[in-house]
Amino acid sequence: MKVKRLREDFVVHEISNLTIGRGPHAVYCLEKTGLGTPEAVTEVINIWNLPRQDVHYGGLKDRHAVTSQTVTIFNGPHSSLQQPGFSLEYLGQASHCMTANNIVANEFSVTLRSLADEEASRFANIATSSSPLCIPNYFDDQRFGSLGESGQFVAQPWCLAQYERALFLAIAEPNEHDRPDDRGQKEILRDHWGDWQACKDRLDRSHRRSIVTYLVDHPTGFKKAVGLIRQDMRGIYVAAFQAKLWNEVVVRYLNALLPNAEFIVAYGAGGKLVFPRQVPVDCIEELSQMRIPLPSGRKTNWPPEIARLLDEALVEFEIPRHKLRFSYPRDVFFARGERDLLLLPRNFSASQSVDELSPDQSLGGPAQKLELKFSLLPGQYATMLLKAVEMLAAV
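Right, let's walk through the structure included here. For every chain, the first residue of the written sequence is number 1, and numbering continues from 1 along that sequence. Reporting in this predicted model follows two pLDDT cut-offs: at least 70 for local features of residues, and 80 or more for side-chain atom pairs to be given and counted; totals over whole chains, interfaces and linings ignore these cut-offs and use all residues. As a rule here, side-chain values come from all non-hydrogen atoms in the structure, and water together with hydrogens is ignored.

It is worth spelling out the side chain of Arg113 at this point. Within the secondary structure, Arg113 sits in strand β8 (residues 103-115). Only protein chains enter the accessibility calculation, which uses a 1.4 Å probe; a residue is then buried when its area is under 20% of its type maximum, exposed when over 50%, and partly exposed in between. By relative accessible area, which is 4% here, Arg113 ends up buried. A polar side-chain atom of Arg113 sits 2.7 Å from a polar atom in the side chain of Asp355. Counting from the N terminus, the helices are the DSSP runs of H or I reaching at least four residues and the strands are the DSSP runs of E reaching at least two. We define a polar contact as two N or O atoms separated by no more than 3.5 Å, with the added condition that, inside protein, one atom must be a possible hydrogen donor and the other a possible acceptor, whereas residues neighbouring each other in sequence contribute only through side-chain atom pairs.

To continue, consider the packing of aromatic side chains. Here is the rule: rings of Phe, Tyr and Trp (six-membered ring for Trp) pair when centre to centre is within 6.5 Å. Planes less than 30 degrees apart are stacked, more than 60 are edge-to-face, and the remainder are tilted. Across all of its chains, the model carries 17 aromatic pairs by this definition. For the ring pair Tyr28 and Trp48, a centre distance of 5.9 Å and an interplane angle of 50 degrees mean the geometry is tilted. Residue Tyr28 is located in strand β3 (residues 25-33), and its partner Trp48 is located in helix α1 (residues 37-48); the two are separated by 20 residues in the primary sequence. On the basis of relative accessible area, Trp48 is assigned to the buried category, the value being 18%. Considering the side-chain rings of Phe139 and Tyr381, the 6.3 Å spacing of their centres and the 65 degrees angle between planes classify their relative orientation as edge-to-face. Of the two residues, Phe139 is situated in the loop between α2 (117-127) and α3 (155-159) and Tyr381 in the loop between β14 (368-376) and α12 (382-393); the sequence distance between them amounts to 242 residues.

A separate point is the environment of Leu60. Note that Leu60 resides in the loop between β4 (55-57) and β5 (66-74). For the pair Leu60 and Phe108, spaced 48 residues apart in sequence, the C-alpha separation works out to 15 Å. With residues up to four places along the chain from it excluded, the contact list for Leu60 reads Thr37, Pro38 and Ile236. We call two residues in contact whenever any of their non-hydrogen atoms come within 4.5 Å of each other.

What follows is about the packing of α2 against α12. Direction vectors running N to C along α2 and α12 enclose 120 degrees, while the axes themselves pass 9 Å from each other. Classified by the angle between their axes, α2 and α12 sit oblique to one another. Note that α2 runs across α12; the crossing there is right-handed. Residue-level inspection shows Arg122, Phe123, Ile126 and Ala127 of α2 in contact with α12, the latter providing Leu386, Val389, Glu390, Leu392 and Ala393. Looking at the contact of α2 with α12, its residues break down into 7 nonpolar, no polar and 2 charged. As a rule, the C-alpha atoms of each element are fitted with a line to give its axis, helices using only the stretch in contact, and angles between N-to-C directions run from 0 to 180 degrees. Here the angle decides the label: under 35 degrees means roughly parallel, over 145 means roughly antiparallel, 65 to 115 means roughly perpendicular, and every other value means oblique. In this scheme the handedness of a crossing depends on how the near helix is turned from the far one: anticlockwise by less than a right angle means left-handed, clockwise means right-handed. For this classification, the nonpolar set comprises Ala, Val, Leu, Ile, Met, Phe, Trp, Tyr, Cys and Pro, the charged set comprises Asp, Glu, Lys and Arg, and every other residue, Gly included, is treated as polar.

Any functional reading would require information that these geometric values do not contain.
In structure tokens form, the structure reads like this:
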């Protein structure tokens, strides 16, 4: 099976409830491909010379897909923008900025290719079965794109007030997703870490160089230097660590709740995940109503069992639950709220046909493609749904 052979094989359309009318926030539809949301927004900021804090969006959309989403700019231009890889279409004005709370759902159109006929049929039957699927609503690899070569989350030493380590991970550690120019800039920082003047002399103008400029005058001022990390990147680092902890709690919860179940084990960028092969229908009904709190030191009324599981997960990171917070800067915190335990797709449909991109007969007949259409609630991952259905189809 091949996913995303073409970018057009994975299409995501964000549905928002932001009202177009009057107000100081210009509203746009951002359509992009080959770029992550932060990268596309950064290009808009640079082209229009905007303050970063004036630009708002609700969620991160996959770079390896064709995506559309709502973006707002405070006092933004009443015009559109067309660039290689993305377009920004002006829609009107709104009274408030776009946030994650304005996302109603995400609609997906996904084409799976190079399938044998039997494989495509089995996949389609599982995906569109009237029996409910028991797929845990894990955060998928996209949430962990900021995780560097060491595998250490930026937010982990940050919670422990180990600011130099957090800063190093954020601006200097290699990451497989780095662009070529970023790799070179990070290498300069690693080679000259601590010699801030040498770093400044060699770095291009960027947010990294701004942080280093501060360190030239305050060589050990790592605490305040962390506060100079771009606000959007700080949010990504914090969300990644929170997602890792939530996934760990769910793995432990499912193992405790279903001690006799047989699990399929998979590994992703965020670590080990488990998927139950079969779950009694009445148990699925109960699980579909279950919501797991997002880990945060600010939450006090934890369900006892979930608190115990979170404490177990935190042992690895040497952080007691009450210290799962940030003392600096004050605008950084773990999001509050709860997340559905199960991923429940809506309006699922499947259409099977011959794959025109795979003309060979090596699969015992013409290769097939499967076009899937479905919608998911905000924060749910289509890639996780596809992984789970693929694993279940292989059983």
